[in-house]
Amino acid sequence: MIPYGRQSIEEEDIHAVVEALRSDWLTQGPKLKEFEEKLAAYCGAKYAVAVSNGTTALHVAYLGLGIGEGDEVITTPNTFVATSNMLLVVGATPVFCDIDPKRYNIDVEKIESLITPSTKAISLVHFAGHPVDIDTIERIAKKHNLLVIEDSCQALGATYKNKKIGSCTQSNAAVFSFHPVKSITTGEGGAILTNDKELYEKMMRLRTHGVTKDPELLEEYHGDWYFETCELGYNYRMTDMQAALGISQLKQLDTFIEKRNKQATYYNEQLKDVSNIVLPTVDDTVRSAWHLYVIQVLKEHRKEIFDAMREAGIGVQVHHVPVHIHPLFKKVLGEQKYLVHADEYYSRCFSLPIFPKMTREEQNHVIGTLKHIMETYE
Ligand SMILES: *Cc1c(COP(=O)(O)O)cnc(C)c1O
């Protein structure tokens, strides 16, 4: 089965991990710090906090920004559930904004109508690696005094108006995941980027049990062993083996994104004349990370086409089952009937395989199979 996405691991990656294993530090060591510095530098942000995965990164970002009980956070239903799950975990209420039917990202035109006195933040998602219109989001956030979190788990390596996603110049924090299907991998792993020093320091504490040894923060001092827990924290650390892999992967990130862009262009060229499918497009002002290559077909045929692709050994997948239709969210928020574009999109979409290691032959197999299946519906 050709998967919809997978990691690219080279000998240099394996070597980097083995080297970390032979070092004095398996966790809390120099590789972790180096990875954080290199990641922040790549994105053009001041600070990075590496954590155990993208979900814990979201948790730490929300907690760090003080999002909690009684707060409403405007977000998109077209995302992996973690974006909203972590809002529930901190006690906040996700308020879903419908998606833009062209890009499948949050519809920035609809955000303001959802703002209430309880709205605290916008948690946006650069879906499929396609950057959201951040200029508009920034304008709305400034006008209404809202925080902005970028769930950038699908968008490491993407750029918006020549600025890297994760630069945080127009948001409070950006969150990444290094799961094997994402732009780079550390097995499991995640990170939060920010330019806010205070937020950075708080997130560093949250990652390690809310603990501090900083003399300026200690209420007492008993000796060199002494530390204090000043807020409720967790153990959300990334190991040095993972960080070593992350450093090695970062060196290849631009090549990975280049390959994904080429594959997307090739799909676009080869599939443009196939009837009854809608191909993905991006704005001229962005460079997408092409985490996913999503097409839409007629909803009456989606399941048949999906099943036929799977039968031919092609690991198509649907991204995403919209958050508002999951039983948990129906129970917590009730039926959300106004998300018409999100519902329509969900009934028609599925993702074709796209990942740096996919060969031209594999891609031709995907294209040929899809064309053949689509002939049935002409
Ligand atoms: C992958 C992903 C996550 C979760 O990341 P994990 O590392 O799997 O926990 C969160 N949000 C989005 C948009 C994602 O794509």
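This text follows the structure it describes.
This write-up is about the structure you can find in this document.

Parameters and conventions
Note on numbering: residues in each chain are counted from 1, in written sequence order. Local features in this predicted model are restricted to residues of pLDDT 70 or higher, and side-chain atom pairs are both shown and tallied only at a pLDDT of 80 or more, whereas totals for entire chains, interfaces and linings draw on every residue. Only heavy atoms go into the side-chain values, all of them from the structure, while hydrogens and water stay out. Helix and strand assignments come from DSSP, with helices taken as H or I runs of at least 4 residues and strands as E runs of at least 2, each series counted from the N terminus. The globule rule used here is 2.2 Å times the number of residues to the 0.38 power, and the radius of gyration it is set against is calculated over C-alpha atoms. Throughout, exposure labels follow a simple rule: accessible area from a 1.4 Å probe, protein chains only, divided by the maximum for the residue type, with under 20% read as buried, over 50% as exposed, and the rest as partly exposed. Contacts are assigned to residue pairs with any non-hydrogen atoms lying within 4.5 Å of each other. Using a 1.4 Å probe, the Shrake-Rupley method yields the accessible areas, and only the shown protein chains count as cover for residues. We treat Lys and Arg as the positive residues and Asp and Glu as the negative residues; His and chain ends play no part in the count. Charged groups are reduced to one reference atom each: NZ for lysine, CZ for arginine, CG for aspartic acid, CD for glutamic acid. A pair is scored as a salt bridge if a Lys or Arg side-chain nitrogen falls within 4 Å of a carboxyl oxygen belonging to Asp or Glu. Only strands that DSSP links by at least two bridges are regarded as paired with each other. Note on geometry: axes are lines fitted to C-alpha atoms, helical ones only across the stretch in contact, with angles between N-to-C directions running from 0 to 180 degrees. Working definition: rings of Phe, Tyr and Trp (its six-membered ring) pair if their centres are within 6.5 Å, and the pair is stacked with planes under 30 degrees apart, edge-to-face with planes over 60 apart, and tilted otherwise. In the analysis that follows, any N or O atom pair within 3.5 Å is treated as a polar contact, provided that within protein one partner can donate a hydrogen and the other can accept it, and provided that, for residues neighboring in sequence, both atoms belong to side chains. Think of it like this: strands point away, you trace from the first strand over the helix to the second, and a clockwise trace means the crossover is right-handed. Working definition: roughly parallel below 35 degrees, roughly antiparallel above 145 degrees, roughly perpendicular at 65 to 115 degrees, and oblique for all remaining angles. Left-handed describes a crossing whose near helix is turned anticlockwise from the far helix by less than a right angle; the clockwise case is right-handed. Residue classes follow a fixed rule: Ala, Val, Leu, Ile, Met, Phe, Trp, Tyr, Cys and Pro count as nonpolar, while Asp, Glu, Lys and Arg count as charged, and any other residue, Gly among them, counts as polar.

1. Points about the overall build of the protein
Next up, step 1: Per the secondary structure count, the protein includes 11 helices and 15 strands.
Next up, step 2: Taken against the 2.2 N^0.38 rule, which gives 21 Å for 378 residues, the C-alpha radius of gyration of the protein at 21 Å falls within 12% of a compact globule.
Next up, step 3: The C-alpha extent of the protein, read off along each of the three principal axes, is 80 × 55 × 35 Å.
Next up, step 4: Taken over 378 residues, the protein has a buried fraction of 56%.
Next up, step 5: Partitioning the contacts of the protein with sequence separation of at least 6, the portion at a separation of at least 24 is 73%.
Next up, step 6: On the protein, roughly 16,700 Å² of surface is accessible, and the fraction owed to carbon and sulfur atoms is 51%.
Next up, step 7: Side chains of the protein give 40 positive and 51 negative charges; the mean places of these two sets differ by 3 Å.

2. Here we look at the pattern of salt bridges
Next up, step 1: Taken as a whole, this structure holds 16 salt bridges when the rule is applied.
Next up, step 2: A salt bridge links Glu-34 to Lys-38; the nearest nitrogen and oxygen atoms lie 2.7 Å apart. Within this pair, Glu-34 and its partner Lys-38 are both found in helix H2 (residues 30-43), separated by 4 residues, close to a single helical turn.
Next up, step 3: Of the residues examined, Glu-34 reaches a relative accessible area of 24% and is grouped as partly exposed.
Next up, step 4: The salt bridge partner of Glu-344 is Lys-299, with a shortest N-O separation of 2.8 Å. With Glu-344 in helix H10 (residues 340-348) and Lys-299 in helix H8 (residues 299-311), this residue pair connects regions lying 45 residues apart in the sequence.
Next up, step 5: Relative accessible area serves as the criterion here: at 42%, Lys-299 is assigned to the partly exposed category.

3. As for the sheet that holds strand E3 (residues 93-96)
Next up, step 1: Taken together, the 7 strands give an open sheet; going across it, the order is E1-E9-E8-E5-E4-E2-E3, and neighbouring strands pair in mixed fashion. For this open sheet the edge positions go to strand E1 (47-51) and E3, each flanked by a neighbour on one side alone. In this sheet, neighbouring strand axes are inclined to one another by 25 degrees on average, regardless of whether the strands run parallel or antiparallel.
Next up, step 2: Relative to strand E9 (residues 190-194), E1 runs antiparallel, the two being bridged by 5 bridges. Directly across from Val-51, in E9, lies its bridge partner Gly-190.

4. Quick look at the pairing of E1
Next up, step 1: For E1, the buried fraction is high: 5 of the 5 residues fall into the buried class.
Next up, step 2: Taking every second residue as pointing to the same face, both faces of E1 are buried, with Tyr-47, Val-49 and Val-51 on one and Ala-48 and Ala-50 on the other.

5. Some remarks on the sheet that holds strand E13 (residues 286-287)
Next up, step 1: Read from one edge of the open sheet, 3 strands run E7-E6-E13, paired in antiparallel fashion. Unpaired on one side and paired on the other, strand E7 (163-164) and E13 mark the two borders of the sheet.
Next up, step 2: Two strands pair when backbone bridges link them, and strand E6 (residues 159-160) and E7 are joined in this way by 2 bridges, in the antiparallel orientation. Paired with Tyr-160 across the bridge in E7 is Lys-163.

6. Considering the packing of aromatic side chains
By convention here, two paired aromatic rings are described through the distance between centres and the angle between planes.
Next up, step 1: Taken as a whole, this structure holds 10 aromatic pairs when the rule is applied.
Next up, step 2: Note on Phe-35 and Phe-178: the rings are 5.4 Å apart at their centroids and 70 degrees apart in plane angle, and the pair reads as edge-to-face. Here the residue Phe-35 occupies a position in helix H2, and Phe-178 occupies one in the loop between strand E8 (173-177) and E9, the gap between them amounting to 143 residues.
Next up, step 3: Relative accessible area serves as the criterion here: at 0%, Phe-178 is assigned to the buried category.
Next up, step 4: With a centroid separation of 6.3 Å and an interplanar angle of 85 degrees, the aromatic rings of Phe-306 and Phe-350 are classed as edge-to-face. Taken together, the residues span a long stretch of sequence, with Phe-306 in helix H8 and Phe-350 in strand E15 (residues 349-352) at a distance of 44 residues.
Next up, step 5: The buried category is assigned to Phe-350, whose relative accessible area is 0%.
Next up, step 6: Taken together, Tyr-104, Phe-127 and Tyr-345 form an aromatic cluster joined through their ring pairs.

7. Quick word on H10
Next up, step 1: What H10 keeps buried is the set Ala-342, Tyr-345, Ser-347 and Arg-348.
Next up, step 2: Looking at the buried residues of H10, the elements they touch are strand E12 (277-278), strand E14 (293-297), H8 and E15.

8. Here we look at the side chain of Asp-71
Next up, step 1: Residue position: Asp-71 is located in the loop between helix H3 (54-64) and strand E2 (72-75).
Next up, step 2: Side-chain polar atoms of Asp-71 contact the backbone nitrogen of Gly-68, separated by 2.8 Å.
Next up, step 3: What Asp-71 contacts, discounting residues up to four positions off in sequence, is Gly-66, Ala-92, Thr-93, Ser-118 and Lys-120.

9. Digging into the environment of Thr-116
Next up, step 1: As for its placement among the helices and strands, Thr-116 is situated in the loop between E3 and strand E4 (119-125).
Next up, step 2: Linking Thr-116 and Glu-72, residues 44 residues apart in sequence, is a C-alpha distance of 8.2 Å.
Next up, step 3: Engagement of the side chain of Thr-116 in a polar contact is seen with the side chain of Glu-72, the distance being 2.9 Å.

10. Some words on the pairing of E3
Next up, step 1: Of the pairings in the sheet, the one linking E2 to E3 comprises 4 bridges and is parallel in character. Opposite Ile-74, over in E3, you have Val-95 as the bridge partner.
Next up, step 2: In this fold, E2 hands off to helix H4 (residues 82-89), which returns the chain to E3; that crossover is right-handed.

11. Looking at the packing of H3 against H4
Next up, step 1: Contact geometry of H3 with H4 gives a least axis separation of 9 Å together with a crossing angle of 45 degrees. Taken together, the axis directions place H3 and H4 in an arrangement best described as oblique. Between H3 and H4 lies a crossing of right-handed hand. When H3 is examined against H4, the residues Thr-55, Leu-58, His-59 and Tyr-62 are found in contact with a partner set consisting of Ala-82, Thr-83, Met-86, Leu-87 and Val-89.
Next up, step 2: In the contact of H3 with H4, the residues fall into 6 nonpolar, 3 polar and no charged.

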